[in-house]
Amino acid sequence: MNATYDLKQAIRTIPDYPKPGVQFRDITTLLGDARAFRRAVDELVQPVAGTKIDKVAGIEARGFILGGAVAHQLSAGFVPIRKKGKLPHKTASIAYSLEYGVDEMEIHSDAIQAGERVIVIDDLIATGGTAEAAVKLLKSIGADVVAACFVIDLPDLGGAKKIQALGVPVRTLMAFDGH
């Protein structure tokens, strides 16, 4: 059995959530399975192991869980990218479009020094709006974004291509058809 198959089995699919027709890919079951969680973190780390990574930037909220574990494995710092108004110090922010409006995310403006090598981590890439905003936000404060890593890709929605168009390689552990 390959790693992708094992990990895919650890993902719970919830039909018609958050709206009819959507197949929600829930990673909380993967996180709750010690063996699958460890394997996912190892698989996310593997492509950058042995290269200099200064920081791991995790996108709120599941990206915090994965990103913290990946940062630990890489002996790198961890930086949270949060929803507007959640960080206590001076921030840099970016607005981005969602399916039903606009949202905003922030990072502490001193979280990354110019030229630091950063990878972005989140649980899933779908349309790519949030990840694209995160990459742009990181670059705006001087980060060298060397990769964007996700457990799940929904390739039919095209998000990974948006990130690749920004010159950032995308690494995913598995893909599910549809949305």
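The rules behind the values
Residues numbered from 1 in each chain as written. Predicted model: local features only at pLDDT ≥ 70, side-chain atom pairs only at ≥ 80, totals over all residues. Heavy atoms only, no water. 1 Å grid on protein atoms, 1.4 Å probe; cavity = no way out; pocket = protein on both sides within 12 Å on 5 of 7 lines; lining within 4 Å. Points joined across faces, edges and corners; volume = space filled by probe spheres on them. Helix = DSSP H or I, 4+ residues; strand = E, 2+ residues; numbered from the N terminus. Buried < 20%, exposed > 50% of the residue type's maximum accessible area, 1.4 Å probe, protein only. Lys, Arg positive; Asp, Glu negative; His and termini not counted. Salt bridge = Lys/Arg side-chain N within 4 Å of Asp/Glu carboxyl O. Phe/Tyr/Trp six-rings, centres within 6.5 Å; stacked < 30°, edge-to-face > 60°. Pairing = 2+ DSSP bridges. Right-handed = clockwise from strand over helix to strand, strands pointing away. Contact = heavy atoms within 4.5 Å. Axes fitted to C-alpha atoms, helices over the stretch in contact; angles between N-to-C directions. Left-handed = near helix turned anticlockwise from the far one by under 90°. Nonpolar A, V, L, I, M, F, W, Y, C, P; charged D, E, K, R; others polar.

Draft legend 1. Representation of the layout of surface pockets. For the largest pocket, the calculated volume is near 1,200 Å³. Lining the largest pocket are 35 residues, and of these Arg 62, Leu 98, Leu 124, Ala 126 and Thr 130 lie nearest its centre. Contributing elements (two or more residues each) for the lining of the largest pocket: strand 2 (23-26), strand 4 (77-83), strand 5 (91-98), strand 6 (101-108), strand 7 (117-125) and helix 5 (129-140). Looking at the lining of the largest pocket, the element that brings in the most residues is strand 7, giving four residues.

Draft legend 2. Expanded view of the side chain of Asp 153. Along the chain, Asp 153 turns up in strand 8 (residues 144-153). Within the buried set, Asp 153 has no salt-bridge partner at all; the shortest N-O distance to an opposite charge, 8.9 Å, is to Lys 161.

Draft legend 3. Structural view of the packing of aromatic side chains. Counted according to the given criterion, the structure contains two aromatic pairs. A centroid spacing of 5.2 Å and a plane angle of 90° characterise the contact between Tyr 17 and Phe 24, whose relative ring orientation is edge-to-face. On the basis of an interplanar angle of 85° and a centroid distance of 6.1 Å, the ring pair of Phe 64 and Phe 78 is categorised as edge-to-face. Here Phe 64, found in helix 4 (residues 62-74), pairs with Phe 78, found in strand 4; they are 14 residues apart in sequence, far enough to count as distant. Note on Phe 64: relative accessible area 23%, which makes it partly exposed. Since its relative accessible area comes to 32%, Phe 78 is described here as partly exposed.

Draft legend 4. Broad picture of the pairing of strand 7. Summarising burial for strand 7: seven of the nine residues are buried, a large majority. Sheet topology note: the strand 7/strand 8 ladder contains eight bridges and is parallel. Residue pairing for strand 8: Ile 125 is matched across the bridge by Asp 153. In terms of handedness, the path from strand 7 via helix 5 over to strand 8 forms a crossover that is right-handed.

Draft legend 5. Quick peek at the environment of Ile 125. Summarising the element assignment, Ile 125 is placed in strand 7. Residue Ile 125 is classed as buried on the basis of its relative accessible area of 1%. Sequence separation of Ile 125 and Leu 157 is 32 residues, and the distance between their C-alpha atoms is 8.6 Å. Sequence-distant contacts of Ile 125, that is, excluding residues within four places in its chain, are made with Ala 131, Phe 150, Ile 152, Asp 153, Leu 154, Gly 159, Ala 160, Ile 163 and Thr 172.

Draft legend 6. Local environment of the environment of Phe 150. Counting through the fold element by element, Phe 150 comes out in strand 8. The exposure class of Phe 150 is buried, given its relative accessible area of 0%. Residue contacts for Phe 150: discarding those within four places in its chain leaves Leu 44, Asp 122, Asp 123, Leu 124, Ile 125, Ala 131, Val 170, Arg 171, Thr 172 and Leu 173.

Draft legend 7. Layout of the packing of helix 3 (residues 34-45) against helix 4. Between helix 3 and helix 4, the shortest axis-to-axis distance is 9 Å and the interhelical angle comes to 60°. For the pair helix 3 and helix 4, the crossing hand works out as right-handed. Across the interface between the two elements, Phe 37, Arg 38, Val 41, Asp 42, Leu 44 and Val 45 from helix 3 touch Ile 65, Leu 66, Ala 69, Val 70, Gln 73 and Leu 74 from helix 4. Its residues placed into classes, the contact of helix 3 with helix 4 shows nine nonpolar, one polar and two charged.

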